[in-house]
Amino acid sequence: ELKVEQNPLFLSMQEGKNYTIYCNYSTTSDRLYWYRQDPGKSLESLFVLLSNGAVKQEGRLMASLDTKARLSTLHITAAVHDLSATYFCAVDLGGSQGNLIFGKGTKLSVKP
Amino acid sequence: GAVVSQHPSWVICKSGTSVKIECRSLDFQATTMFWYRQFPKQSLMLMATSNEGSKATYEQGVEKDKFLINHASLTLSTLTVTSAHPEDSSFYICSAMSGASYEQYFGPGTRLTVT
């Protein structure tokens with residue numbers, strides 16, 4: 001059974017600081033996704049990571065994937081309040097069905 | 001591109017009644033659609049996967065007779081919660097995948113409250 005573990009589950013940080021969210025998964029997968037969810041809203045796609053060593057950046061967020069270590073990271077640089085949300089990683093089980101297994105999410109709160 | 005809509009966005013129903021939720025891919029053909037359920041402050045749990053024209057595949061622990069899924073066309077899937085109970089109250093999110101890529105595109109979600 002594929003397990004996806006995120007940590008931390010809760011993160012309170014000050015504006016301007018840097019931090020990293022980790023996503024570990026238990027079986028081989030070459031496709032990993034990061035999503036953002038605001039309260040009461042659905043998921044917003046942030047990054048799609050499709051190969052070992054993939055690194056993608058958008059604004060203050062940067063995601064990377066190490067398929068050998070079964071680890072993805074979401075790095076936040078110089079956090080701002082607008083980044084406050086819950087962030088989920090999701091691992092694709094593979095095959096043609098595209099089934100995703102989600103981590104429990106990291107609730108990020110950025111305080112002034 | 002890749003827009004998925006859901007209707008209704010929220011619904012309140014009485015215990016014992018049935019509720020239908022629609023999921024539409026607006027600008028692409030969805031070979032596969034997924035239905036997720038999210039309880040407050042929890043992650044998304046996959047309920048079922050459906051392919052157009054065939055029966056849905058349900059995840060373990062999801063009652064197929066209670067959560068009826070119909071993927072009648074390449075742009076529409078419906079989830080019917082039959083004989084709803086308060087414990088079915090949740091946020092239901094659908095996603096759609098085209099044959100061109102593995103990425104899933106998520107709908108805005110439907111908040112169901114059963115009183």
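The structure we're discussing is the one just above.
The written sequence of each chain sets the order in which its residues are numbered from 1. Chain A is the first chain written and ligand 1 is the first ligand written, with later ones labelled in order. Local features in a predicted model are, by the rule used here, given only for residues with pLDDT of at least 70; side-chain atom pairs are given and counted only at 80 or more, and totals for whole chains, interfaces and linings are based on all residues. Hydrogens and waters are ignored; side-chain quantities use all the structure's heavy atoms.

A. Quick look at the overall build of chain A. Along the backbone of chain A there are 0 helices and 11 strands. Counting helices and strands in the order they occur from the N terminus, chain A gives β-β-β-β-β-β-β-β-β-β-β. Its C-alpha radius of gyration of 13 Å places chain A within 12% of the 13 Å reference for a compact globule of 112 residues. In terms of overall dimensions, chain A has a C-alpha envelope of 45 × 30 × 20 Å along the principal axes. Partly exposed describes any residue whose relative accessible area lies between the buried limit of under 20% and the exposed limit of over 50%, with all areas from a 1.4 Å probe on protein chains only and scaled to the type maximum. Across the 112 residues in chain A, those meeting the buried criterion constitute 46%. In chain A, 54% of the contacts between residues at least 6 apart in sequence involve partners at least 24 apart. Here the open area of atoms and residues is found with the Shrake-Rupley method and a 1.4 Å probe, where only the protein chains shown may cover a residue. About 5700 Å² of surface is accessible on chain A, with carbon and sulfur atoms providing 49% of the total. Charged residues are defined here as Lys and Arg on the positive side and Asp and Glu on the negative side; His and the ends of the chain fall outside this count. Lys charges are placed at NZ, Arg charges at CZ, Asp charges at CG and Glu charges at CD. Here chain A holds 12 positive side-chain charges and 10 negative ones, and the gap between their average locations is 4 Å. Helical segments are the DSSP runs of H or I of at least four residues, strand segments are the runs of E of at least two, and each set is numbered from the N terminus. Using C-alpha atoms as the atom set, the radius of gyration is obtained and then compared with a globule rule of 2.2 Å times the number of residues to the power 0.38. Contacts: residue pairs with any heavy atoms within 4.5 Å of one another.

B. Representation of the sheet that holds strand E3 (residues 19-25) of chain B in the model. Residues and elements named next belong to chain B. DSSP bridges decide pairing: two strands pair if at least two such bridges lie between them. Spatial strand order, E1-E3-E8-E7: 4 strands in an open sheet with antiparallel pairing. The open sheet has two free edges, formed respectively by strand E1 (4-7) and strand E7 (67-73), since each of these has just one partner strand. Put simply, the sheet's adjacent strands are angled 15° from each other on average, direction ignored. As paired strands, E3 and strand E8 (residues 76-81) are joined by 6 bridges and run antiparallel to one another. Within E8, the residue paired with Arg24 across the bridge is Leu76. To define axes, lines are fitted to C-alpha atoms, for helices over the stretch in contact only, and angles between the resulting N-to-C directions are given on a 0 to 180 degree scale.

C. Just the pairing of strand E8 (residues 71-76) of chain A, in detail. All names here are of chain A. Sheet topology note: the strand E3 (residues 19-25)/E8 ladder contains 6 bridges and is antiparallel. For Cys23, the partnering residue across the bridge sits in E8 and is Ser72. Bridge count for strand E7 (residues 61-66) against E8 is 6 bridges, and the pairing is antiparallel. In the sheet register, Ser64 faces E8, and the bridge partner there is Thr73. In sequence, E7 turns back onto E8 through a hairpin of 4 residues, with Arg70 there showing a positive phi of about 55°.

D. Molecular detail of the interface of chain A and chain B. The partner chain B presents 22 residues to the 21 residues of chain A that form the contact. Taken over both partners, the interface formed by chain A and chain B buries close to 1500 Å², and the fraction arising from carbon and sulfur atoms is 52%. Counted as salt bridges are all cases of a side-chain nitrogen of Lys or Arg within 4 Å of a carboxyl oxygen of Asp or Glu. The interface formed by chain A and chain B includes 0 salt bridges. Those elements giving two or more residues to the side of chain A that touches chain B turn out to be strand E4 (32-37), strand E5 (43-49), strand E9 (85-92) and strand E10 (100-102) of chain A. Only Asp, Glu, Lys and Arg are considered charged, only Ala, Val, Leu, Ile, Met, Phe, Trp, Tyr, Cys and Pro nonpolar, and every remaining residue, Gly among them, polar. Of the residues contributing to the side of chain A that touches chain B, the split by class is 7 nonpolar, 10 polar and 4 charged. As a working definition, buried area equals the accessible area (1.4 Å probe) given up by two parts on being put together, with both sides summed.

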